Amino acid sequence: MSRLHKIISELEEISTHPGRAVRKQMEKTGKKAVGCFPYYTPEEIIYAAGMLPVGMWGGQSEIKQADTYLQSFCCSIMRENLEQGMSGVYDMLSAVIIPTYCDTLKCVCENWKVAVPQIKTIPMVYPQNRATSAGVAYMTDEYRRVIKELEAMTGAEITETELLKSIALYEGYRRTIRKFVAISGHYPKTLNARVRHAVIKAGFFCDKKNYSTMIGELLSELKKVPSEKSEGIRVVLTGILAEPDALLDLFDENGVTIVADDLAQESRQFRTSVDMGENALEMLAYRYAIQECSLLYDEAKRRGTLLKDLVKDNRADGVVIVMMKFCDPEEFDYPIYKKELEEEGIPMLYLEIEQKMDSVEQLRTRIQAFTEMVMHKSLFYNGKENDDVHGY
Amino acid sequence: MYMGIDIGSSSSKAVILDKTRRILASAVVNTGTGTQGPEKVVETALALAGLFPEDILYRVATGYGRMLYGKADRQITEISCHARGAAYLVPEAGTIIDIGGQDAKIIRVDRDGRVENFVMNDKCAAGTGRFIEVMARILDCPIDQLAELSTRATEEIAISSTCTVFAESEVISQLASGAKRENVAKGAHHSIAMRVAGLGGRIGIRPIVVMTGGVALNLEIVRALESEIGYRIVVAENPQATGALGAALYAAECNL
Ligand code: SF4
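Reading guide: rules and limits
Residues numbered from 1 in each chain as written. Chains lettered and ligands numbered in written order. Predicted model: local features only at pLDDT ≥ 70, side-chain atom pairs only at ≥ 80, totals over all residues. Heavy atoms only, no water. Helix = DSSP H or I, 4+ residues; strand = E, 2+ residues; numbered from the N terminus. Rg over C-alpha atoms; globule rule 2.2 N^0.38 Å. Buried < 20%, exposed > 50% of the residue type's maximum accessible area, 1.4 Å probe, protein only. Contact = heavy atoms within 4.5 Å. Areas by Shrake-Rupley, 256 points an atom, 1.4 Å probe, with all protein chains shown as cover. Lys, Arg positive; Asp, Glu negative; His and termini not counted. Charge placed at Lys NZ, Arg CZ, Asp CG, Glu CD. Near = heavy atom within 4 Å. Nonpolar A, V, L, I, M, F, W, Y, C, P; charged D, E, K, R; others polar. Domains from an automatic or database assignment. Core = buried A, V, L, I, M, F, W, Y, C linked by side-chain atoms within 4.5 Å. Buried area = accessible area lost by both parts, 1.4 Å probe. Salt bridge = Lys/Arg side-chain N within 4 Å of Asp/Glu carboxyl O. Axes fitted to C-alpha atoms, helices over the stretch in contact; angles between N-to-C directions. Parallel < 35°, antiparallel > 145°, perpendicular 65-115°, else oblique. Polar contact = N/O pair within 3.5 Å; in protein donor to acceptor, adjacent residues only side chain to side chain. Pairing = 2+ DSSP bridges. Right-handed = clockwise from strand over helix to strand, strands pointing away. pLDDT = per-residue confidence, 0-100. Expected span 1.5 Å × (residues − 1).

## Quick look at the overall build of chain A
Looking only at helices and strands, one finds 15 helices and 8 strands in chain A. Computed over C-alpha atoms, the radius of gyration of chain A comes to 21 Å, within 12% of the 21 Å expected from 2.2 N^0.38 for 392 residues, which places it in the range of a compact globule. For chain A, the C-alpha atoms occupy an extent of roughly 75 × 45 × 45 Å along the three principal directions. A burial count over chain A gives 59% of its 392 residues as buried. Residue pairs at least 24 apart in sequence account for 73% of intrachain contacts in chain A once pairs closer than 6 positions are excluded. For chain A, the exposed area adds up to about 16200 Å²; of that, 51% sits on carbon and sulfur atoms. Of note, chain A has its 49 positive side-chain charges centred 4 Å away from the centre of its 59 negative side-chain charges.

Written out as structure tokens, the structure is:
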């Protein structure tokens, strides 16, 4: 196996067996681990406290106990997180930080305290108006509260120097993974949809220092091999996340290359850089203030513009909306950007997903039909039958 | 000679075209994927055309069972095939409504019969052929006489549940409390039309509207749908076979 494929399979292993990966790192470093519920929990602070931040992004297990707290009309990520918490999967964590963006998260934050009492809950409430001075002041206060809780766990102070070092490390990580995202569309075979996802997701379960090194190495190995031609269509993904793997395999099966994404689990995590602030916490708060995501209040409703730009900059043929079933923040955004993309003539495919799906046949038909629709001209006409046909 | 095979959830269809794309044979068998249906429909179509398997230069499979059927040269989705078939029959078609056994689709096509946009119903059976089957069963009426039953209605009993399972118990309790079968049948037809029209609202319906798929044989649904969407509907000739026809047309093109 080449070095390139070895790194890829290591990352795939981490992303498909996160529990194992996290335990191994805890043993190796002697660090405690803190769980980070989606979305935008301040990993930098956990890292500065000398602990390992661990992403918590649901899974594919059978829901048995979580039903007690979350009805079947709650999103599958939260049902999974609670289920796994209740069945002891997360017992290696010393605490979890739970933000309260949407209605489901607000409930989970309370549920967790009773359902998973063995793991300490640290709630985080984010400001609605992020970019005002009051928003920033409030945010830094929230960070300070989290810091106190973490300090009580380790018994050591989290210094400004440590925080700044951690921010620098995270900035480096964000730069590196952005490079990977930018280049992945050039390798539709080696970095197909499933691999691309696994490589990015692995970051949630690694010490970001090691992870950045691995991604850096992956990038330099990639440079040594020629880029690959994509035969099918090029798309931008938008939504919370694109899972399960069976869905990603359908993209590969139909020659769909993911050239960019606007997923909460992927690019939304790292597309924004720190760009101002007089101290570490302000830097974090200001970065948060300019982040763009369906969960964060945005008066300007910029998502449509953002998607249009992603399509244009990456020469994409269309946008695939992976709509997490029962996710209200994502559903609220949809009609607004749908209209804008329609006006621009950008083809869209709407797929409703859950993390665990018993059958993907309907998705197969939709994805295949979308490819046929977008590729129609080149596929069936070849200029032979009808010379004046126009493509999409 | 070119063949299109449409393997659905509850029926299999085959169409054979000659070199000039004239229809030589068209066959329908009422069993679908996972059965002998696909084999049988191919044999029937060949017999009707007086042809042997080796006469077929190219085969395209479509429909829910397209991936499982091993003998096709290519698989193309029923979305593209229904669009192609309907546009061949009605060249001015702007929107195609296809209601099959398990799903409902609305496809918008451009002037050249190419798919512009489409929507499919979600996993559930509301607004599909399955819903009619269930209703026919509780009303104790053969499925091909359900439309006729509904024309004898004196009023409409609205069915408020969209879910097929809930609608079933709703109808049972209506019947138990003395509602007339024909009035319930009318409500059932209307309920499907509402579901499908709602689906259409997601992509917008543009005339001329063509209806394909087995459910188009039920003229009461066609009528109810016309009044819901506000456009006249042209029912494709031999509506069940439209997908197979489209597949056969693609087969002819692929073989160029
Ligand atoms: S934002 Fe959506 S997917 Fe995320 S927790 Fe809330 S409802 Fe679930």
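## Section: the site of the ligand
All names here are of chain A. Every residue lining the ligand is accounted for by Tyr39, Cys75, Met78, Cys102, Thr104, Leu105, Leu295, Met324, Phe326, Cys327 and Pro329. In the shell around the ligand, the residues fall into 10 nonpolar, 1 polar and no charged. No fewer than three residues from each of domain 2 (31–155) and domain 3 (233–392) sit in the shell around the ligand.

## Some details on the nonpolar core
By size, the foremost hydrophobic cluster in this structure holds 137 residues, and its most contacted members are Tyr39(A), Trp112(A), Leu150(A), Phe180(A), Leu218(A) and Phe251(A). Looking at this core element by element, the count peaks at 8 residues for helix H7 (residues 160–184) of chain A. Formed by 40 residues, the second largest nonpolar core is a distinct cluster that contains Ala104(B), Val119(B), Val134(B) and Ile203(B).

## Digging into the domain arrangement of chain A
Residue and element names in this part refer to chain A. Domain assignment breaks chain A into domain 1 (1–28 + 159–231), domain 2 (31–155) and domain 3 (233–392). Taken together, the 23 residues of domain 1 in the interface contact 29 residues of domain 3. Between domain 1 and domain 3, a total of about 2300 Å² is buried, with carbon and sulfur atoms accounting for 56% of that surface. Our count for the contact surface shared by domain 1 and domain 3 stands at 5 salt bridges. For arginine 196, the salt bridge goes to aspartate 261, with nearest N and O atoms at 2.8 Å. Secondary structure elements with two or more residues in the side of domain 1 that touches domain 3: H7 and helix H8 (193–202).

## A look at the packing of helix H1 (residues 3–16) of chain A against helix H2 (residues 18–29) of chain A
In a pair of packed helices, the angle between the axes and the distance between the axes together describe the arrangement. Residues and elements named next belong to chain A. At their nearest, the axes of H1 and H2 sit 5 Å apart, and the two run at 105° to each other. Between H1 and H2, the crossing angle belongs to the class labelled roughly perpendicular. Touching Glu13, Ile14, Ser15 and Thr16 of H1 are Pro18, Arg20 and Ala21, all from H2. In terms of residue class, the contact of H1 with H2 is made up of 3 nonpolar, 2 polar and 2 charged.

## Topic: the side chain of Lys31(A)
Residue and element names in this part refer to chain A. With respect to the helices and strands, lysine 31 occurs in the loop between H2 and strand S1 (33–36). Here aspartate 207 takes part through its side chain, which lies 3.4 Å from a polar atom of the side chain of lysine 31. Ignoring anything within four residues of it in the chain, the contact list for lysine 31 reads Met26, Tyr47, Gly50, Met51, Leu52 and Asp207.

## So, the pairing of strand S9 (residues 209–212) of chain B
Residue and element names in this part refer to chain B. Here S9 shows a buried face lined by Val209 and Met211 and a second buried face lined by Val210 and Thr212. The pairing of strand S6 (residues 95–99) with S9 spans 4 bridges and is classified as parallel. What sits directly across from isoleucine 96, in S9, is valine 210. Alignment of S9 against strand S10 (residues 233–235), held across 3 bridges, turns out to be parallel. Within S10, the residue paired with valine 209 across the bridge is isoleucine 233. Following the chain from S9 across helix H7 (residues 219–229) to the adjacent parallel S10, one finds a crossover that is right-handed.

## Some details on the confidence of the model for chain A
Caution is warranted with low-pLDDT regions, since their predicted coordinates should not be read in detail. Residue and element names in this part refer to chain A. Across chain A, the average pLDDT comes to 92, with 96% of residues at or above 70. Helix H15 (residues 361–381) is the least confidently modelled element of chain A, averaging 80 in pLDDT, while H8 averages 98, the highest of any element. Note that residues 377–392 has pLDDT below 50 and, in this model, 32 contacts with residues that lie over four places away or in other chains.

## Observations concerning the interface of chain B and chain A
Every contact between the two is made by 30 residues of chain B and, on the other side, 25 residues of chain A. In this assembly, chain B and chain A are joined by 0 salt bridges. Where chain B packs against chain A, one counts 7 residue pairs in polar contact (both at pLDDT 80 or more). Looking at the side of chain B that touches chain A, the elements with two or more residues in it are strand S5 (74–75), helix H2 (78–89), strand S8 (115–120) and helix H8 (242–254) of chain B. Split into classes, the residues belonging to the side of chain B that touches chain A amount to 10 nonpolar, 5 polar and 15 charged.

## A closer look at helix H9 (residues 208–224) of chain A
Residues and elements named next belong to chain A. In this model, H9 (17 residues) spans 24 Å end to end at C-alpha, consistent with the 24 Å of a helix rising 1.5 Å per residue. Looking only at H9, the buried set comprises Lys208, Tyr211, Ser212, Met214, Ile215, Leu218, Leu219, Glu221 and Leu222. On the buried face of H9, the contacting elements are H1, helix H3 (43–48), H7 and H8. If you check the start of H9, you find a side-chain oxygen 2.9 Å away from the backbone N of lysine 209, and it comes from aspartate 207.

## Here's the deal with unusual backbone geometry
Residue and element names in this part refer to chain A. Along the chain, proline 38 connects to tyrosine 39 via a cis peptide bond; the corresponding omega equals 15°. Backbone geometry at tyrosine 40 places phi at a positive 60°, although glycine is not the residue there. Relative to the assigned elements, tyrosine 40 resides in the loop between S1 and H3.

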